[in-house]
Each structure stands twice: as C-alpha cells, then as structure tokens.
Amino acid sequence: MRSIKPMTDRTDESEETEPECIESNLDDKTHAEMLALYAESARTILFAKNRQWRTLGAVCFAHIILVAAAYLFILEPYYLQTLVILSFLISSMAICILIIYQIWQHTEKLKLQKISVFLSNYFTLIRQIKQRRDANIHRYVLLIVMIASIFVANTISYILYLPKLPS
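The following refers to the structure shown. (Residues numbered from 1 in each chain as written. Predicted model: local features only at pLDDT ≥ 70, side-chain atom pairs only at ≥ 80, totals over all residues. Heavy atoms only, no water.)

With that settled, consider the overall build of the protein. Along its length, the protein carries four helices and zero strands. When its helices and strands are written in sequence order, the protein yields α-α-α-α. Here the protein has a C-alpha radius of gyration of 25 Å; the compact-globule value for 167 residues is 15 Å, and the former is much larger. Burial analysis of the protein (167 residues in total) assigns 28% to the buried set. (Helix = DSSP H or I, 4+ residues; strand = E, 2+ residues; numbered from the N terminus. Rg over C-alpha atoms; globule rule 2.2 N^0.38 Å. Buried < 20%, exposed > 50% of the residue type's maximum accessible area, 1.4 Å probe, protein only.)

The next subject is the packing of aromatic side chains. Per the stated rule, a full pass over the model turns up five aromatic pairs. When the centroid spacing of 5.9 Å and the interplanar angle of 80 degrees are considered together, the rings of Phe47 and Trp104 count as edge-to-face. Here the residue Phe47 occupies a position in helix H1 (residues 28-72), and Trp104 occupies one in helix H2 (residues 77-116), the gap between them amounting to 57 residues. The exposure class of Trp104 is partly exposed, given its relative accessible area of 31%. With a centroid separation of 5.4 Å and 70 degrees between ring planes, the pair formed by Tyr78 and Tyr79 is classed as edge-to-face. On the basis of relative accessibility, which here comes to 58%, the residue Tyr78 falls in the exposed class. (Phe/Tyr/Trp six-rings, centres within 6.5 Å; stacked < 30°, edge-to-face > 60°.)

On to the side chain of Ser120, then. Its location among the elements puts Ser120 in the loop between H2 and helix H3 (121-127). On the accessibility criterion, Ser120 (17% relative accessible area) is buried. Other than its neighbours up to four places away in sequence, Ser120 contacts Ile22, Glu23 and Ser24. (Contact = heavy atoms within 4.5 Å.)

Here helix H4 (residues 132-161) is 30 residues long and its end C-alpha atoms lie 43 Å apart, about the 44 Å a rise of 1.5 Å per residue gives. Looking only at H4, the buried set comprises Ala135, Arg139, Leu143, Met146, Ile147, Ile150, Ala153, Asn154, Ser157 and Tyr161. (Expected span 1.5 Å × (residues − 1).)

Relative to the helices and strands, Arg127 is located in helix H3. In sequence terms Arg127 and Ser116 are 11 residues apart; their C-alpha atoms lie 8.5 Å from each other. With residues near it in sequence (within four places) discarded, Arg127 still touches Tyr38, Leu112, Gln113 and Ser116.

The next point concerns H1. Compared with an ideal rise of 1.5 Å per residue, which puts 45 residues at 66 Å, H1 spans 64 Å between its outermost C-alpha atoms and is within 8% of the ideal. Regarding H1, its N-cap is Asp27, as a side-chain oxygen of that residue lies 3.1 Å from the backbone nitrogen of Lys29 further along. (Polar contact = N/O pair within 3.5 Å; in protein donor to acceptor, adjacent residues only side chain to side chain.)

For the rest of this paragraph, the subject is the nonpolar core. Counting residues in each nonpolar core, the largest one holds 19 residues, and the members touching the most others are Leu83, Leu98, Ile150 and Tyr161. Taken together, the elements giving at least two residues each to this core come down to H1, H2 and H4. In terms of residue count, H2 provides more of this core than any other element does, seven residues in total. In this structure Leu83 touches Leu66, Ala70, Leu75 and Tyr161, once residues within four positions along its chain are discounted. (Core = buried A, V, L, I, M, F, W, Y, C linked by side-chain atoms within 4.5 Å.)

Moving on, we get to a nonpolar patch on the surface. The grouping of Tyr71, Val152, Ile156 and Leu160 at the surface amounts to a nonpolar patch, some 350 Å² of accessible area in total. No other element matches H4, which puts three residues into the nonpolar patch. Along the chain, Val152 turns up in helix H4. For Val152, a relative accessible area of 47% corresponds to the partly exposed category. (Patch = residues over 30% accessible without salt bridge, like charges linked within 9 Å, V, L, I, M, F, W, Y side chains within 5 Å. Areas by Shrake-Rupley, 256 points an atom, 1.4 Å probe, with all protein chains shown as cover. Salt bridge = Lys/Arg side-chain N within 4 Å of Asp/Glu carboxyl O.)

Moving on, we come to the pattern of salt bridges. A complete count under the given rule lists two salt bridges for this structure. With its nearest N and O atoms 3.2 Å apart, the salt bridge here joins Lys111 to Glu108. Here Glu108 and Lys111 lie together in helix H2, a separation of three residues that amounts to about one turn. Of the charged contacts, one joins Asp134 and Arg133 as a salt bridge, the two residues approaching to 3.9 Å between their closest N and O atoms. In this structure Asp134 comes out as partly exposed when scored by relative accessible area, which is 28%. A residue is classified by how much of its surface remains accessible, and Arg133, at 58% relative accessible area, is exposed.

Right, here's the structure in full:
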C-alpha cells in the first residue's frame, strides 16, 4: 500500500503514526463516476452559495429602488402603502429563497458524505479536518446573518417611508 510522506525530513516522536492507505474497492469506471458525482455536488454547493449572496444583494438593491421611488416621485398615499407592502413581500420571498438554497446545500453535503464512503481512507481523513459540526455552525450563522441583513434592509426602508406615509 502507498503511504503519504511529509515534505520535511524532520521526524517528531510525538507525531501520531500515519495510517495505512486503504484504497477504494471500486473498479476504475465506478471510481470515476463517484469522483464525477463528488465534483458535481461540490460545484452545486458553490452555485447555491453564490445564489444566496446574489439574492441578498438583489433584495438590498430592490429596497434601495423602492425607497428611491418613494422619494423621487410624488406618490399618492395608496401607492406609498403599496411600496411598504411590496418591500415586506420581497423580503419574505427572499428569506424563503435563502432557506431553499440552504436546504439544497444540505442535500448536496449529504451526497458528498455518501460518496466519501466509497473513496480511500485518506480522502475521508482529509475531509474530516474541518468537523461537520463546525461547518454546519458556520453555514447556519451565515444564513442567520443573511436573514438579519434582509430584516435590517426592510426596517431601514420602512423607517424611510414613515415621513411620507399619511398619519
């Protein structure tokens, strides 16, 4: 079996012994399929993350446009109230979209975990450098930050609408 050697010549007695490489039991075609599925899932996760950030940016931009419309045009109170409702609807839809993208990423992460079982133990060992719990905490903290950003944008929009709305 092959072994991974450190790039330094230094040997430290306190270092753990290196595990023996247990290669995948898959034939070459199936192994290639697993790698292709793995790459596809990894790309899909990156795509979904990208879409999440773009959704957040689009929502913030939409709030800027709605507030600008309220200040640039002389609008009847009915239209101003419609802009307020529209800003809340846009925020609600965006939050739903962010959650859908998060669920999609979770599904792809599960695929990656299933595929990892079929690859070598070194592959699994390296993937475990960042604990799954830590990765989940980071993902959900970012989701909460995105949702909070939408609430902040919506609140700022509403505060800016208040002087224009009839009492």
